[in-house]
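Examining the three-dimensional arrangement
Residues per chain are reported as follows:
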Amino acid sequence: MNLKNSLLSGLVLSACLAMLIGTLSSCNKKTESEEEIYMPASAVAVKEFSLKSKTGSKVKLDSVFFSIDLNKGVIFNADSLPVGTDITRLVPVISYTTSASAVTLTQSGGKTTGEIDYKKNPSDSVDFSGKVVLKITAEDKTTTRSYDIKVNVHKVEPDSLVWDQLAVTPMPSRQGNPKSQKTVMFKNKSHSLIREADDSYTLAVAADIIAGDWDKQALALDFEPEVRTFNSTSGLLYVLDVAGVLHASADGVTWENTGSVWTNIIGAYGDALLGMRNENGTLVHTSWPSDAGYAELPVSEDFPVADYSDFVQFSNRWTTLPIGFLAGGRLADGSYTDKTWGFDGDQWAVLSEGMLPPVIGATIVPYYVYRKTSSSLVQTEFSVWMMIGGLRSDGNYNRRIYVSYDNGVNWYATESYMQLPDHFPGLWNLDGIIVEWAKEASLSANWESRASRMLPGMSRVKYEVEDYKVYWDCPYIYIFGGVTSNGSLNNEVWRGVLNRLTFVPQF
């Protein structure tokens, strides 16, 4: 084939291909009215959601933060509104794409039902006491997205200190109806020294108070212990006998006479035990072991000699040695004191005066409270020392709980919802310990996409997420014993907790 014939054949082939492509194109071509227009997800997305402030409301509604889960179509406030907040007539502020053709809110199951055209009436109030569904329709009038809106309100006061009557258990004695007891923490286990009804003695030890798993052992002692002096350091247990002789034990069963005579035990300071003894008619501060290095200084006339609170200690970045303190107690003349005394490893000094009622036999435990630090609803957590119980100088039991944010320098009465309830008995010479209770809950569908962060104010709650469950530790206050109004031992163990700490961590 010559060059001319080759070119003609190529032109014919090209023409045939062109006709074929044109035919296929005309067969697949749709008219403009038949074309499907792709609408991106952003066309029906909610950008922001909030509530308008409401005149007369105690809650700053416009500061409430709402999470928007675009994947699951849920809008909610993780930090619930206060108990009793009226959510039947709230005005939402919704930000969405300006090209949306329709935005509606459907109310059902509450006090008000029906549909609101939000585009036309953005100032209409919505009843969130039932189910509310937000529906956004895109510009194509076909693409839609629905969102469940949940305005959460606490069903109980989150910062109430709750003492569950159903959780009360008897003292871990061998015989029942014991005469006296003292409970301390030693090597991460609760140790209760108990004088039984027949004047024998029991050592009850529990690694898990929650399970009620007590190992109760009758003690064969060659001395008569003053039960309320029972105390512990990091390595040893201590108790005075009725003659004031100090005894030490590594296990609470076998005891050794130290040969040292004291008038009372104050408590542990590091590995040492602090107390008081009589030196030729002068009461002096002392310690054990005798070579612990703390000077035996005279006890001040306004220092309590008996029935003071637990001696608790702490360390911080500003101290080279731990600081310990105690509150209240009975002076040598029998009067009650309202002072808080602190020890820095060198000397004793008054930390506060007049901020607590004169009280004897109170217990002090480390705990947590939550306070608003801004205009928002977010609560910030504070570690505090909490003083519970005791007998006042007027003869009445102290039913107010006091907290200190600054290690005994200042004390404050807590709100009414944190005070001891009527069903809690009046007690003094009671013992308090903190027990961490492992809790778990199933993850809701809303949480899965935001498991990487926690809300402000919940940072203390350590949690783990595994297999669609969340695990966290909740601190409970356990109160042992205490003397009642008739002078007998309260044969009970009470359990209290701040409501907020039992809530599933929001993250």
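Every chain is numbered on its own, with residues counted from 1 as its sequence reads. Given that this is a predicted model, residues contribute local features only at a pLDDT of at least 70 and side-chain atom pairs are listed and counted only at 80 or more, while totals for whole chains, interfaces and linings are drawn from all residues. No hydrogens and no water enter the side-chain calculation; it runs on all heavy atoms of the structure.

1. Examining the packing of aromatic side chains
The aromatic pairing rule takes the rings of Phe, Tyr and Trp, using the six-membered ring of Trp, and pairs them if the centres are within 6.5 Å, calling planes under 30 degrees apart stacked, those over 60 edge-to-face and the rest tilted. Under the counting rule described, the total for this entry stands at 21 aromatic pairs. Aromatic side chains Phe303 and Trp348 sit 5.0 Å apart centroid to centroid with 75 degrees between the ring planes, which places their arrangement in the edge-to-face category. Highlighted residues: Phe303 in the loop between β21 (282-288) and β22 (312-314) and Trp348 in strand β25 (residues 348-352), separated in sequence by 45 residues. The class of Phe303 is buried, set by a relative accessible area of 1%. An aromatic cluster of at least three residues, connected via ring pairs, comprises Tyr269, Tyr294, Phe303, Phe311, Trp341, Phe343 and Trp348. Each ring is checked for a lysine NZ or an arginine CZ that lies within 6 Å of its centre and within 35 degrees of its normal; such an atom marks a charge sitting over the ring. Positioned above the aromatic ring of Tyr147 is the side chain of Arg145, whose terminal nitrogen or guanidinium carbon lies 5.5 Å from the ring centre. A cation over an aromatic ring shows up here: Lys439 above the ring of Trp437, its NZ or CZ 4.7 Å from the ring centre. Numbering goes from the N terminus for both helices and strands, where a helix is a DSSP run of H or I of at least four residues and a strand is a run of E of at least two. When accessible area is computed with a 1.4 Å probe and restricted to protein chains, residues below 20% of their type maximum are described as buried, those above 50% as exposed, and intermediate ones as partly exposed.

2. Some details on the environment of Gly329
Checked against the element boundaries, Gly329 lands in the loop between β23 (323-327) and β24 (340-343). Residues Gly329 and Ala306 lie 23 residues apart in sequence; the distance between their C-alpha atoms is 5.9 Å. The contact partners of Gly329, leaving out residues within four places of it in the chain, are Pro304, Ala306, Asp307, Tyr308, Ser335, Tyr336, Thr337, Val359 and Ile360. In what follows, residue pairs with any heavy atoms lying within 4.5 Å of each other are defined as contacts.

3. Quick look at the sheet that holds strand β8 (residues 144-150)
Pairing in this open sheet of six strands is mixed, and the strands run β2-β3-β8-β7-β5-β6 from one edge to the other. The sheet terminates laterally at β2 (67-69) and β6 (114-117), the two strands that pair on one side only. The sheet shows a mean angle of 20 degrees between the axes of neighbouring strands, taken without regard to direction. The rule for pairing is simple: two strands pair if DSSP sees at least two bridges between them. Pairing of strand β7 (residues 131-137) with β8, which is carried by six bridges, proceeds in the antiparallel orientation. By the bridge assignment, Ile136 is partnered in β8 with Arg145. Interaxial angles span 0 to 180 degrees and are taken between N-to-C directions of axes, which are lines fitted to C-alpha atoms, for helices over the stretch in contact.

4. Considerations on the pattern of salt bridges
Each salt bridge in this description consists of a side-chain nitrogen of Lys or Arg and a carboxyl oxygen of Asp or Glu lying within 4 Å of one another. In total, this model carries nine salt bridges according to the counting rule given. Across the pair Asp431 and Arg228 runs a salt bridge, and its minimum N-O distance is 3.0 Å. Here the residue Asp431 occupies a position in strand β32 (residues 428-442), and Arg228 occupies one in the loop between β14 (213-219) and β15 (231-232), the gap between them amounting to 203 residues. The partner of Arg330 in a salt bridge is Asp307, and the shortest N-O contact between them spans 2.8 Å. Residue Arg330 is located in the loop between β23 and β24, and its partner Asp307 is located in the loop between β21 and β22; the two are separated by 23 residues in the primary sequence. Overall, the relative accessible area of 24% leaves Arg330 in the partly exposed class. Overlapping salt bridges, with partners in common, bring together Lys179, Arg195 and Asp199 in one network.

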